[in-house]
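Structural overview for review
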Number of protein chains: 2
Amino acid sequence: MDNIPIVFNQIYDISHAAKKALSAISSIKNYEKNELIQPIGSRCKTVYVIKKGAARIFYLKEGNDITEHFAFDNEVIVRAESLFTGNPTLKGIQAIEVTSLIAIDAPSLFTLYDEYHDIERLFRLIFEKEYVHTVKRIESLQFQSATERYADLLETTNLVDKIPLKYIASYLGITQVSLSRIRANFR
Amino acid sequence: MDNIPIVFNQIYDISHAAKKALSAISSIKNYEKNELIQPIGSRCKTVYVIKKGAARIFYLKEGNDITEHFAFDNEVIVRAESLFTGNPTLKGIQAIEVTSLIAIDAPSLFTLYDEYHDIERLFRLIFEKEYVHTVKRIESLQFQSATERYADLLETTNLVDKIPLKYIASYLGITQVSLSRIRANFR
DNA sequence: AAATTCTTTTTACAAATGTTAAAAAAGGAT
DNA sequence: ATCCTTTTTTAACATTTGTAAAAAGAATTT
C-alpha cells in the first residue's frame, strides 16, 4: 500500500478496506526527463499523483508548444476536460524532470465510488481543490499584466529554478521573448 | 419540491427522500435587474441555480469592475474559491437582469452529503462539470487573441444581445475600448 | 576541450491593446 | 417628446506584447 499518496491522508481519511481497494488499482511509474506520460489526442483514463519530480500538461496551438499546467511533488495531475467527460483531449502530459508518480486507473476508480463512499468523498475533495486552483488561475490570466503574473510566480513557487523558461512563458500566456524582456526589467 | 432545479435530473437521479431533504434546504429568490445577490468580501454559503435570468460574478481590480463569470437559465453559480475553502472572497454576485433563482444552503448541503450518498454524488458531478468549464476558459484566456475570444463568444452564446458590453469586455480580459474596436472590425 | 545542440537574451520593427478624452448612440425618466 | 443618464464608439497617442533573426550563454555529446 505504498502506492497510496501520503497527501491523501491530509485530505480525508478512508477506511482500511478502501485503502486496499485503492491500492489495487494504483501503480507506481517512473519517467525520464522529457518523457511523454500521456500523448496528445488520448483520453484521460488515469489520475496521476506525483511522488517526486515534475510534469506539465501541454498542447499545440498553431505549431507552438503551450504549457497549460505544472505539477510537482505530491500534486495531482489530470486532464479534467477529458477525465470528466470521456472525450479525447488535444492535451498531453510530459515529465519535465526524472519523475516518479502514482497512477490510479480512473475507470476502476469511478467503479469504486459505488462501493466505497469514502473513496468518492476523498476524490470529490481532491478535485474541489483542483477546481479552486483553476479559478484562481483564471483570475490571474484575465486581468493581471504579464509582469504581475511573473512576479506572482516568483513569489509562490520555485519554478524558475528548475523549469525551462520557454515552458514558463507559455504558461503565463506570453512569448519567450516577452518573458525574457520582463526578466531583464527585474534586474 | 418545485425548488429543485430541473436540470439536476439530467445529471444524476436521486431518491425521493433525498429530493425532500434537498428541497428543505432550498428556496426560491427573486432579484431585480442590477441587484446584488452576494456582496464582495462575503463567504460563499449558498449554491445558486438560475431558474430564469442572468447573473455575474465580479470583483474590483484597482477600482475597475471585472466580470469573471456569467450564468444563465439552468446554470449553477458559486464562488468556488470561497465555497470549497471557507475563506471569504473578494468577488460578489449580481443579477444582470430580472432573475429568479434557487438558493441551496451550502452548510446544510454538506451535512446532507453524509446522510445521502446520492446527493453528494449529484453535486460531485455538478462541480466536476463546472471544473471542466473553468479549464476550458483558461485555455481561451491563455493563448487566444481577444478577437478569437470574442468570436468564440459570439458563436457559443447569445451574450451580446442581452449583456452590457462593458461586462463582456472585462470577461474577455480586455477594455471596453478594445472590444469596441474589435467589434468595428467585424463589420 | 571542442563541437554540437538547446536555451535565453537582445535587437529592430510590427501589431495589438491600454489610456484618456470626447462624441455619438441608446435607454430611462419626467 | 424632451431631458438626463448610461453605454458605446471613435480618435490620438502611449505602452505592451508579438515576430523574426541574430547573438550570447548553457548544457550535452563526442
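Here is what the cut-offs are and how they apply
Residues numbered from 1 in each chain as written. Chains lettered and ligands numbered in written order. Predicted model: local features only at pLDDT ≥ 70, side-chain atom pairs only at ≥ 80, totals over all residues. Heavy atoms only, no water. Least-squares fit on C-alpha atoms with pLDDT ≥ 70 in both. Contact = heavy atoms within 4.5 Å. Core = buried A, V, L, I, M, F, W, Y, C linked by side-chain atoms within 4.5 Å. Buried < 20%, exposed > 50% of the residue type's maximum accessible area, 1.4 Å probe, protein only. Buried area = accessible area lost by both parts, 1.4 Å probe. Salt bridge = Lys/Arg side-chain N within 4 Å of Asp/Glu carboxyl O. Polar contact = N/O pair within 3.5 Å; in protein donor to acceptor, adjacent residues only side chain to side chain.

**Here's the deal with the relation of the copies chain A and chain B**
- Laying chain A over chain B is done by rotating through 180 degrees and shifting 0.0 Å along the axis; what remains is an RMSD of 0.0 Å. In the structure described here, the two chain copies are related by an operation that fits a two-fold rotation axis. When each C-alpha of chain A is compared by its distance to the rotation axis, Y131 of chain A comes out closest, at 2.6 Å.
- Looking at the interface residues of chain A, 100% of them are also at the interface in chain B, so both copies use one shared face.

**So, the nonpolar core**
- By size, the foremost hydrophobic cluster in this structure holds 62 residues, and its most contacted members are L22, F123 and F127 of chain A together with L22, F123 and F127 of chain B.
- The residues touching F127 of chain B, leaving out its near neighbours within four places in the chain, are Y131 of chain A together with V47, V76, V78, L83, F84 and Y113 of chain B.
- Grouped together as the second largest cluster of nonpolar side chains are 18 residues, F72, Y150, V160 and A169 of chain A included.

**Some thoughts on the interface of chain A and chain B**
- The interface is formed by 38 residues belonging to chain A together with 38 residues belonging to chain B.
- Three residues, Y131, Q142 and F143 of chain A, lead the burial of chain A against chain B; their summed loss comes to 21% of the area buried on that side.
- Scanning the region where chain A abuts chain B turns up ten salt bridges.
- For R121 of chain B, the salt bridge is made with E120 of chain A, and the minimal N-O distance between the two is 3.0 Å.
- Linking chain A with chain B are 21 residue pairs in polar contact (both at pLDDT 80 or more), by the criterion used here.

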